[in-house]
Amino acid sequence: MSQSVHDITHHQWEQYERVAYPCGAYPQAHPERLAAMGILFGMNPAPISTARILELGCGDGAHCIPIAYHFPKSKVVGIDLSPAHIERGQTFINTLALHNCTLHVGDILALTHQELGEFDYIIAHGVYSWIPESVQKQLLTLCRSCLSPHGIAYISYNTQPGGHIRSMVRDMMLSVVRQYHDPQDRVTHARNFLRFMATSTEREQTGTPEYRAVLQAELQRIDAMPDHVLFHDDLDDYAQPCSFTEFMQRVQKHGLRYVGEADLVEMQEHFFSATTQEQLVNYGGDDMIQREQLLDYIKYRRFRQTLLCRDDVDIQHIIDPSVLTKLYFAVSARVTHESQGIVYTNMNGVAVVAHTSLERAILDVLSAHYPLALSIENIFEKIRPILLAEQGLRVEQSTREDVRDVVVHLLMADMVEYHAVQLSVADLSFLEENIHEYRPKASVYARLQAQSQPEITTIRHSDVVLTDPLARLILLSATGEHTISVLALMIERLLETTPMVLPKEYDHLPLAIDKLLHVLRKLIVLGLLERNRDYKGA
């Protein structure tokens, strides 16, 4: 007899209680990103500052708690099957004295709209592919019944065709580890078996070259995976991928429709050659879902982060440039002079050639203020004196529409970040201009994390690991009370009395003030320092 849904969920609860799943902050699943994507596609999403936010499968709240912290007028609810995860997260909430965030132990199958209410943003990261079909249906039901009229839901899931290979290897590993009940035994034997399969087929030259290459690639993927991730993600008995088309058929049956992916670049076709783009049109026509399915085939996609809304909302997938006035943009780019011209390369390795003074001025201004995001109006006002000084260009020669058009180009090229709100982060230009007045301030949340764990969540909602002991120390000292000169004295005394092995990057910085400024620039770029009351930037 097949297992009941109750038996399956109870088994999953036991697994998560035995081995904690790694929780973290996911920038693509932040409501601010969801809102930005909604705005790009013609929606009118709720302001994050006062939004109601629900996370299903919240773990210990590592994703939703910092959202509640940085948006204190929002209302955040997290639900997870594991009491241990919820207890750990509740400890953080109590320490921070947050009144706008609550975590609950709950089973998705038992949740109702009447119990939960209405939400502007619903997040389900790392849940859908690891629950039985009946629970998947209930998750979609909750998304439809609990979404506000302009609400946006985020669901991540394993997809085809990449999921085929992952499922094949998973089935192979499960065939030899089901007899083991201890989590570490399962993980160890799974790794050993896959290594045996990859090395023996190569040694014996069995199977096809393509099959041997697949096993080698999967071995590298599994070897790079921490034990607890392997245990839950690839050795789970119920993990199943689905095609994008199949997922959307289920979605539409529940009164939901496709908004887009959490990453705009994942939906772009213009990166392909003209021939490929033409064939995509031939095979997909004007059918958005079919075109997205074709992209999965071309990219061998394994994983999607899909945004949904109610099916009575109108979505415009051709971006109207005028909506960019509702967003904020940021980039940190290094400049090099190449044979093709002046090249700007962002932190993800994306490069563009700046052909005009306007393009260079926009990229220079954004880089100088990073990680602070600027509106089109902010950018326009800041480039005016630059263009006047460099080229003698009058304001009328560079209109706001010109600025907007350049930003559209940079956005579609995956060169700039885009935000629905101007996050409260310090920026490099303010540090350089206000060395004597600036009082560095890290969030209470980040300083609390820095005391007890390696990962620290930035204001930009990404997790970073500070291995530099001096950077961690300065972060803990950045309370917003001390000027840079006072902090430099504190650091100087500490370095004199406390043995500390510093990275080589400090070898050319003999003075404490130089070390401090180096660290502050690093913390600012990471998005770990807040704008405090002394901030005078944009």
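Just so it is clear, the model here is predicted, and its values are computed rather than measured. (Residues numbered from 1 in each chain as written. Predicted model: local features only at pLDDT ≥ 70, side-chain atom pairs only at ≥ 80, totals over all residues. Heavy atoms only, no water.)

Participant: Lay out the confidence of the model for the protein in plain terms, naming residues and giving numbers.
Facilitator: For the protein, per-residue confidence averages 89 on the pLDDT scale, and residues scoring 70 or more make up 93% of the total. For the stretch residues 1-5, pLDDT sits under 50, and the model shows 5 contacts to residues farther than four places along the chain or on other chains. For the stretch residues 533-538, pLDDT sits under 50, and the model shows 16 contacts to residues farther than four places along the chain or on other chains. (pLDDT = per-residue confidence, 0-100. Contact = heavy atoms within 4.5 Å.)

Participant: Go over the pattern of salt bridges with me, naming the residues and quoting the values.
Facilitator: This model, assessed by the stated rule, comprises 32 salt bridges. A salt bridge links Glu 204 to Arg 203, with the shortest nitrogen-to-oxygen separation between them at 3.5 Å. The exposure class assigned to Arg 203 is exposed, which follows from its relative accessible area of 55%. In this structure, the salt-bridge partner of Arg 404 is Asp 405, at a minimum N-O distance of 3.8 Å. Residue classification places Asp 405 among the partly exposed residues on the basis of a relative accessible area of 42%. One salt-bridge network, held together by shared partners, links Glu 261, Glu 266, Glu 292, Asp 296, Lys 299, Arg 301 and Arg 304. (Salt bridge = Lys/Arg side-chain N within 4 Å of Asp/Glu carboxyl O. Buried < 20%, exposed > 50% of the residue type's maximum accessible area, 1.4 Å probe, protein only.)

Participant: Would you mind going over the sheet that holds strand S2 (residues 75-80) in detail, with residue names and values included?
Facilitator: In spatial order, the strands read S3-S2-S1-S4-S5-S7-S6; together these 7 strands make up an open sheet with mixed pairing. Across the chains shown, the open sheet's two edge strands, defined by having one partner strand only, are strand S3 (101-105) and strand S6 (256-261). Sheet twist, expressed as the average angle between the axes of neighbouring strands with direction ignored, equals 20°. Pairing of strand S1 (residues 52-56) with S2 involves 5 bridges; the strand directions are parallel. Considered in S2, the bridge of Leu 54 is made with Val 77. This element, helix H6 (residues 133-146), spans S1, strand S4 (119-124), strand S5 (147-158), S6 and strand S7 (303-310) of the sheet and lies at about 160° to S5. On the sheet, helix H11 (residues 244-253) packs against S5, S6 and S7 and is oriented at approximately 140° with respect to S6. (Pairing = 2+ DSSP bridges. Helix = DSSP H or I, 4+ residues; strand = E, 2+ residues; numbered from the N terminus. Axes fitted to C-alpha atoms, helices over the stretch in contact; angles between N-to-C directions.)

Participant: Lay out helix H13 (residues 288-299) in plain terms, naming residues and giving numbers.
Facilitator: For H13, spanning 12 residues, the distance from its first C-alpha to its last is 16 Å, which sits close to the expected 16 Å at 1.5 Å a residue. Buried within H13 we find Ile 289, Arg 291, Glu 292, Gln 293, Leu 294, Leu 295 and Asp 296. As for H13, its buried residues are in contact with H11, S6, helix H12 (274-284) and S7. If you check the start of H13, you find a side-chain oxygen 3.0 Å away from the backbone N of Ile 289, and it comes from Asp 287. Just downstream of H13, Tyr 300 is the residue with a positive phi angle, here 55°. (Expected span 1.5 Å × (residues − 1). Polar contact = N/O pair within 3.5 Å; in protein donor to acceptor, adjacent residues only side chain to side chain.)

Participant: Before we move on, can you summarise the packing of aromatic side chains with the specific residues and values?
Facilitator: Under the defined criterion, the tally for this structure stands at 8 aromatic pairs. Here Phe 430 and Tyr 438 contribute two aromatic rings whose centre-to-centre distance is 5.2 Å and whose plane-to-plane angle is 90°, an arrangement assigned as edge-to-face. The residues Phe 430 and Tyr 438 share a single accessibility class, namely buried. Following the ring pairs from residue to residue traces out a cluster consisting of Tyr 69, Phe 92 and Tyr 445. Lying over the aromatic face of Phe 244, Arg 304 brings its terminal NZ or CZ to 4.0 Å of the ring centre. (Phe/Tyr/Trp six-rings, centres within 6.5 Å; stacked < 30°, edge-to-face > 60°. Lys NZ or Arg CZ within 6 Å of the ring centre and 35° of its normal.)

Participant: Break down the pairing of strand S10 (residues 341-346) for me, with residues and values.
Facilitator: For S10, the buried fraction is high: 5 of the 6 residues fall into the buried class. Strand direction decides the pairing type here: strand S9 (residues 333-338) and S10, joined by 6 bridges, are antiparallel. Looking at S10, one finds that Arg 334 is bridged to Thr 345. Counting the residues in the hairpin turn of S9 and S10 gives 2 residues. Between the end of S10 and the start of strand S11 (residues 351-354), which pair antiparallel, lie 4 residues, with Gly 349 showing a positive phi angle near 85°.

Participant: With reference to specific residues and values, describe unusual backbone geometry.
Facilitator: Of note, the bond from Gln 160 into Pro 161 is cis; its omega dihedral lies within 30 degrees of zero at 5°. For Pro 161, the location among the structural elements is in the loop between S5 and helix H7 (162-177). Tyr 370 connects to Pro 371 through a cis peptide bond whose omega is 5°. Structurally, Pro 371 is set in the loop between helix H14 (357-368) and helix H15 (376-391). Backbone geometry at Ala 97 places phi at a positive 55°, although glycine is not the residue there.

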